[in-house]
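# Coordinate inspection notes
Next come the chains, spelled out residue by residue.
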Amino acid sequence: MVRNFKSGTKKMIFSFLFLLSFLIVINCNSQSDNSEGNSNPDNYRDKKAKNIILMIGDGMGVSHIYAGITANKGHLNIEKLMDIGFSKTHSADNYITDSGAGGTAIAIGYKTFNAGIGVDADTIPRETILEYAEENGKATGLVATSAITHATPASFIAHQPSRYLYEEIAGDFLKTDIEVFIGGGLNHFNKRKDDVDLTVALKDKGYQLVYELEGLKKINSGKLAGLLYEDAPPKYSEGRGDMLPVASMKAIEILSKDKDGFFLMIEGSQIDWAGHANDTKYIVDEMLDFDRTIGKVLEFAEKDGNTLVIVTADHETGGMGLNNGDLEKGEVIAKYTSGNHTGVMVPVFAYGPGSDNFRGIYENTGIFYKMMEAFGFSINEN
Ligand code: MG
Ligand code: ZN
């Protein structure tokens, strides 16, 4: 009996250990399954991208992202983009870039002076990636949670010596064939010093004008100008709601109908404004809104298989540091070194065909050349 009891106990211990190791194997499997699900498609190397979706979190440094990860209790969609690099953000005339020079470097591949829009350091207009896409037969779009005439989206479509020339920037929208743009900034189109109502000119060019988020639902194709707010859209927490993911997916729905592919820039504009305000809750709200949009964009890209998704920032804002936090409670304790932008490198995340080219450390202008390469475009001389 005693021996039997002992051997019975041994058996129980062995079967327990067996079960335990089995559970560990299952657990490891589920982790590797998870990371496989997040990795790039097998054939992504050396493949050209039919579509590029460039997502800019204005002012989004590593701390802003980790504040979002913490608030979301450990994970964000941005972690699914597995080719990662860093971009050096200084402008042509300043260690600390503004969003004009920062956006312009990404849009045209030239560093410029702070506040410059789509021009090089000598104020010479240079062709933007959006204009190259148009020239190569692709559809194009811009979506932002600021005025659509604000520095970041403006950098991709306008050529002006100053970001503050909002009405001139609005005029530049009519000089291109952009298919979809959605954001705020209606006043820069129809309440202008020159009394010209550019919404009339937009209608003449074939744009369907939409002035509220609900109205986007009715449009499924054709040209779309979504001027949803007179000036800047409100904060996520103050009524903007799901404008960014809804507008972004509407843009993708329309642009993806072009058989030649598309270029779309989506901006989480207010991560920067929250950084300027040193307002941690505002940063987290805007970061989570941007990340929900990343999740939806990745769903499209995974299904499509020919779409390169890039998520990056033009610079860091606030000198944000995470002095403490709680991943279980989703609490973030942040401190700030600045009410302005800082000089640190910002991350670049890429997914899809050509994504491996985004690894390493490079100038912000490198993002332009990498996008050109992914599209297979050549640079126009002069
Ligand atoms: Mg911006
Ligand atoms: Zn800023």
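Attention shifts here to the coordination of the zinc ion (ligand 2). In the first shell of the zinc ion (ligand 2), the protein supplies D272 (OD), D272 (OD), H276 (NE2) and H341 (NE2), at 2.0 to 2.3 Å from the metal. Angles of 58 to 152 degrees at the metal separate the 4 donor atoms of the zinc ion (ligand 2), which places the site in the irregular class. As a motif over one chain, the donors of the zinc ion (ligand 2) read D-x3-H-x64-H. You can see D272 sitting in helix α10 (residues 270-276) and its partner H341 sitting in strand β12 (residues 341-342), a full 69 residues away along the chain. H341 matches D272 in its accessibility class, with the two residues each being buried.

Before going further, it helps to examine the packing of aromatic side chains. Here the structure, examined in full by the defined rule, presents 10 aromatic pairs. With 6.1 Å between their ring centres and 55 degrees between their planes, Y132 and F368 make a pair best called tilted. On the criterion of sequence distance, the pair formed by Y132 in helix α4 (residues 129-135) and F368 in helix α12 (residues 365-375) is long-range, its members being 236 residues apart. Relative to F189, the ring of F181 has its centre 6.0 Å away and its plane inclined at 20 degrees; by these criteria the two rings are stacked.

On to the sheet that holds strand β3 (residues 139-147), then. With mixed pairing, the 10 strands of this open sheet are ordered in space as β5-β6-β4-β3-β7-β1-β8-β13-β2-β14. Both outer strands of the open sheet, β5 (207-210) and β14 (360-363), are each paired with one neighbouring strand and no more. With strand direction ignored, the average angle separating the axes of adjacent strands in the sheet is 15 degrees. With 6 bridges joining them, β3 and strand β7 (residues 262-268) adopt parallel strand pairing. Among the inter-strand pairings, G141 is bridged to a residue of β7, identified as L264.

The geometry of helix α2 (residues 62-71) relative to helix α11 (residues 280-304) is characterised by a closest axis approach of 9 Å and an angle of 85 degrees between their N-to-C directions. Comparing the axis directions of α2 and α11 gives the class roughly perpendicular. On α11, the residues that touch H64, I65, A67, G68 and A71 of α2 are I283, V284, M287 and L288. Here the contact of α2 with α11 is composed, by residue class, of 7 nonpolar, 2 polar and no charged.

You can see T307 is positioned in strand β8 (residues 307-312). Engagement of the side chain of T307 in a polar contact is seen with the side chain of N51, the distance being 3.0 Å. There is a polar contact of 2.6 Å between the side chain of T307 and the side chain of D304. In contact with T307, not counting residues within four places along its chain, are N51, I53, F300, A301, Y351, G352 and P353.

Quick look at the coordination of the magnesium ion (ligand 1) now. For the magnesium ion (ligand 1), every protein donor is listed as D58 (OD), T152 (OG1) and E267 (OE), and the spread of their distances is 2.0 to 2.2 Å. On the primary sequence, the residues serving as donors to the magnesium ion (ligand 1) are separated as D-x93-T-x114-E. Of this pair, D58 sits in the loop between β1 (51-57) and α2 while E267 is found in strand β7, placing the two residues 209 residues apart along the sequence. The pair formed by D58 and E267 is uniform in burial state, with each residue classed as buried.

Another aspect to go through is the pattern of salt bridges. Pairs can form between side chains of opposite charge whenever their charged atoms are close. In this structure the tally under the stated criterion is 18 salt bridges. Residue K191 is joined to E230 by a salt bridge in which the shortest nitrogen-to-oxygen separation is 3.8 Å. A residue pair is termed long-range when its members are at least 10 positions apart, and K191 in the loop between α7 (187-190) and α8 (198-204) and E230 in the loop between β6 (223-229) and α9 (243-255) qualify at 39 residues. Across the pair D260 and K259 runs a salt bridge, and its minimum N-O distance is 3.7 Å. Its relative accessible area of 70% is what places K259 among the exposed residues. Within the structure, one salt-bridge network assembled from shared partners comprises D177, K205 and K223.

The rules we used
- Residues numbered from 1 in each chain as written.
- Chains lettered and ligands numbered in written order.
- Predicted model: local features only at pLDDT ≥ 70, side-chain atom pairs only at ≥ 80, totals over all residues.
- Heavy atoms only, no water.
- Donors = N, O, S within 2.8 Å, 3.2 Å for Na, K, Ca; no water.
- Tetrahedral: all angles 85-135°; square planar, octahedral: opposite > 155°, others 65-115°.
- Helix = DSSP H or I, 4+ residues; strand = E, 2+ residues; numbered from the N terminus.
- Buried < 20%, exposed > 50% of the residue type's maximum accessible area, 1.4 Å probe, protein only.
- Phe/Tyr/Trp six-rings, centres within 6.5 Å; stacked < 30°, edge-to-face > 60°.
- Pairing = 2+ DSSP bridges.
- Axes fitted to C-alpha atoms, helices over the stretch in contact; angles between N-to-C directions.
- Parallel < 35°, antiparallel > 145°, perpendicular 65-115°, else oblique.
- Contact = heavy atoms within 4.5 Å.
- Nonpolar A, V, L, I, M, F, W, Y, C, P; charged D, E, K, R; others polar.
- Polar contact = N/O pair within 3.5 Å; in protein donor to acceptor, adjacent residues only side chain to side chain.
- Salt bridge = Lys/Arg side-chain N within 4 Å of Asp/Glu carboxyl O.

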